[in-house]
Amino acid sequence: MPHSQRYLQVPLHSNNNIVHFLTSSTPLSLKLKTMAPTATGGLTYPPNLDGHKLTFLGNLPTPDPSVSTIEAIPTWFWLSRSFTALPTNQKSRRSLCRELLDSDHHHLCKTTTFHPTPTSNCTCIYCGDTAHFYHVRFCESIV
Ligand SMILES: [Zn+2]
Ligand SMILES: [Zn+2]
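What counts as what
- Residues numbered from 1 in each chain as written.
- Chains lettered and ligands numbered in written order.
- Predicted model: local features only at pLDDT ≥ 70, side-chain atom pairs only at ≥ 80, totals over all residues.
- Helix = DSSP H or I, 4+ residues; strand = E, 2+ residues; numbered from the N terminus.
- Contact = placed C-beta atoms within 7 Å.
- Core = buried A, V, L, I, M, F, W, Y, C linked by C-beta atoms within 7 Å.
- Buried ≥ 20, exposed ≤ 12 C-beta atoms within 10 Å, placed from the backbone.
- pLDDT = per-residue confidence, 0-100.
- Arc of directions from axis to C-beta.

Student: Can you help me understand the overall build of the protein chain in this one?
Tutor: Each helix and strand in the protein chain was counted, giving seven helices and zero strands. If you list the helices and strands of the protein chain from N to C, you get α-α-α-α-α-α-α. Considering only intrachain contacts with a sequence separation of at least 6, the fraction spanning at least 24 residues in the protein chain is 50%.

Student: In this structure, what is going on with the nonpolar core? I would like to understand it.
Tutor: Nonpolar side chains in soluble globular proteins tend to be buried together. With eight residues, the main nonpolar core is built from Leu8, Val10, Ile18, Val19, Leu22, Cys97, Leu100 and Leu101. Mapped by element, the contributors of at least two residues to this core are α2 (16-23) and α6 (90-100). No other element matches α2, which puts three residues into this core. Apart from the residues lying within four places of it in its own chain, the contact partners of Leu8 are Val19, Leu22, Thr23, Arg93 and Cys97.

Student: Would you mind showing me how to read the confidence of the model for the protein chain here?
Tutor: Caution applies to low-pLDDT parts of the model: their predicted coordinates are not meant to be read in detail. Within the protein chain, residue pLDDT values average 74, and 68% of them lie at 70 or more. Within the protein chain, the element-level pLDDT minimum falls on helix α4 (residues 55-59), averaging 47, and the maximum on α6, averaging 88. Scored below 50 in pLDDT, residues 36-47 makes three contacts in the model with residues more than four places away or belonging to other chains. This model gives residues 49-60 a pLDDT under 50, and the stretch forms seven contacts once residues within four places in sequence are excluded.

Student: How should I be thinking about α2 in this particular structure?
Tutor: Note on helix geometry: an α-helix contains 3.6 residues per turn, so any two residues three or four positions apart are oriented the same way. Along α2, the positions that sit buried rather than exposed are Ile18, Val19 and Leu22. Buried residues along α2 cover an arc of 100° about the axis, so they all sit on one side.

Student: What should I look at first to understand unusual backbone geometry in this one?
Tutor: In most cases, non-glycine residues show a negative phi, while peptide bonds are predominantly trans. Phi at Gln9 is positive, roughly 60°, even though this residue is not glycine. Residue Gln9 is classed as partly exposed on the basis of its C-beta count, with 15 C-beta atoms lying within 10 Å. Positive phi, normally seen in glycine, also occurs at Tyr134, with a value near 60°. Within the fold, Tyr134 resides in the loop between α6 and α7 (135-138).

Student: What is the right way to look at the environment of Leu79 in this model?
Tutor: Residue placement: Leu79 occurs in the loop between α5 (66-72) and α6. On the neighbour-count criterion, Leu79 (12 C-beta atoms within 10 Å) is exposed. Leu79 sits 54 residues away from Phe133 along the chain, and the two C-alpha atoms are 8.9 Å apart. What Leu79 contacts, discounting residues up to four positions off in sequence, is Phe133 and Tyr134.

Student: Looking at this structure, I do not really get the environment of Pro11. What am I missing?
Tutor: Structurally, the position occupied by Pro11 is in the loop between α1 (2-8) and α2. We classify Pro11 as partly exposed; it has 13 C-beta atoms within 10 Å. Residues Pro11 and Asp104, spaced 93 residues apart in sequence, show a C-alpha to C-alpha distance of 9.7 Å.

Pasting the structure below:
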């Protein structure tokens, strides 16, 4: 999906599932739908509502393949900064998305050959420690 990558202004080799997740237009309804069975399970209804279903739950769109997309997202992504919506401002969007996808990893990595995601052999050129995902946020030698 080169178009999404261009919208997010991240490299084309960026994790497809994350890109899809970021550009997905219905993350909230999807989340509600997936959470609904457990989320409503603990609720007690007034007697006159007994036996009734919360109708809005049935009206939500059926989850599309994005559920498997979410499951396919690498776990390191959930360590990223949380956000509520993609910024409409192009510059802020670029900077948020590049941070979320760790797109600037190569700026601090000793490994100069191409690698789309950090590996266990990655070393930070600033502090000499292992350059994990999002190392740029934790490195104490980068000001
Ligand atoms: Zn690296
Ligand atoms: Zn470092």
